[in-house]
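One letter stands for each residue in the lines below.
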Amino acid sequence: LDIFDGLTLPGIARRAMKILEDVISAIQGMHQPVIGAINGPAIGGGFCLAMAADIRVAAEGAYFRPAGINNGLTSAELGLSYLLPRAIGSSRAFEIMLSGRDVDAAEAERIGLIWKCVDDTALMDTALAMAQRLATMPSRALAATRRVIDVGSRSSLAEAVSLEARTQGELGRAPDFAEG
């Protein structure tokens, strides 16, 4: 690839990390919900990419591993230290990130890392069915709910309640509410 021409191995790694950082930021900045369909190993950056999705469904054969710690680096890359504790709690996140172990899809569902574990052959149908359900919802309401969940999970209860009230008021004046 031209973007790597003339770079040393560390330079290539830095450039690749920057590209992945941009992808994670783009996913987080989207207005519409993002559904991740994980089929197979989600290791290192793949784990982080999966965690950037709002709703994650995984095939039974999928697994997750924070690889950096196993290679003498840190497991904290591409926002994993932010996203994983929010999804599963800090105690579980610490254990997984410090041990660098594999988390299979069944465990991932049990601890809340993913929404659902499905048969390998049902993965895309399940993800697409969720996407179709969300597509029937009012787009402003989806975008606002996504924003409120994100902000609410990082703020105090009082701030979350205040934002929720403001958002409900804004959406209550929108055409989608009258139609709904």
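Thresholds applied
Residues numbered from 1 in each chain as written. Predicted model: local features only at pLDDT ≥ 70, side-chain atom pairs only at ≥ 80, totals over all residues. Heavy atoms only, no water. Helix = DSSP H or I, 4+ residues; strand = E, 2+ residues; numbered from the N terminus. Buried < 20%, exposed > 50% of the residue type's maximum accessible area, 1.4 Å probe, protein only. Polar contact = N/O pair within 3.5 Å; in protein donor to acceptor, adjacent residues only side chain to side chain. Contact = heavy atoms within 4.5 Å. Salt bridge = Lys/Arg side-chain N within 4 Å of Asp/Glu carboxyl O. Pairing = 2+ DSSP bridges. Axes fitted to C-alpha atoms, helices over the stretch in contact; angles between N-to-C directions. Expected span 1.5 Å × (residues − 1).

A. Looking closely at the side chain of threonine 167. Mapping threonine 167 onto the fold places it in helix α8 (residues 157–172). We classify threonine 167 as buried; its relative accessible area is 5%. Separated by 3.3 Å, the side chains of threonine 167 and arginine 147 make a polar contact. Those residues in contact with threonine 167 that sit more than four places away from it in its chain are Ala144, Arg147 and Val148.

B. View of the pattern of salt bridges. Scanning the entire structure with this criterion turns up seven salt bridges. Two residues, aspartate 22 and lysine 18, come together in a salt bridge whose shortest N-O distance is 2.7 Å. Placement of both aspartate 22 and lysine 18 in helix α1 (residues 9–29) is noted, with a separation of four residues, approximately one turn of the helix. The partly exposed category is assigned to lysine 18, whose relative accessible area is 44%. Across the pair aspartate 102 and arginine 65 runs a salt bridge, and its minimum N-O distance is 2.4 Å. Remark: arginine 65 occurs in strand β4 (residues 63–65) and aspartate 102 occurs in the loop between α4 (90–99) and β5 (103–104); sequence separation between them is 37 residues. Residue aspartate 102 is classed as partly exposed on the basis of its relative accessible area of 35%. On the basis of relative accessible area, arginine 65 is assigned to the partly exposed category, the value being 22%. It is possible to trace a salt-bridge network through shared partners that takes in Glu95, Arg101, Glu107 and Arg110.

C. Quick peek at the sheet that holds strand β3 (residues 55–59). Read from one edge to the other, the open sheet built from three strands follows the order β1-β3-β6, with strand pairing classed as parallel. Either end of the sheet is taken by a strand with one partner, and the two such strands are β1 (35–38) and β6 (116–118). Between one strand and the next, the sheet's axes are offset by a mean angle of 20°, whatever the strand orientation. Of the pairings in the sheet, the one linking β3 to β6 comprises three bridges and is parallel in character. Bridge pairing in β6 places alanine 58 opposite cysteine 117.

D. Helix α7 (residues 139–152), seen in detail. The terminal C-alpha atoms of α7 lie 20 Å apart, and with 14 residues this matches the ideal 20 Å at 1.5 Å per residue to within 8%. Where the residues of α7 are buried, they touch α1, α6 (123–135) and α8.

These figures come from the coordinates and say nothing about function on their own.
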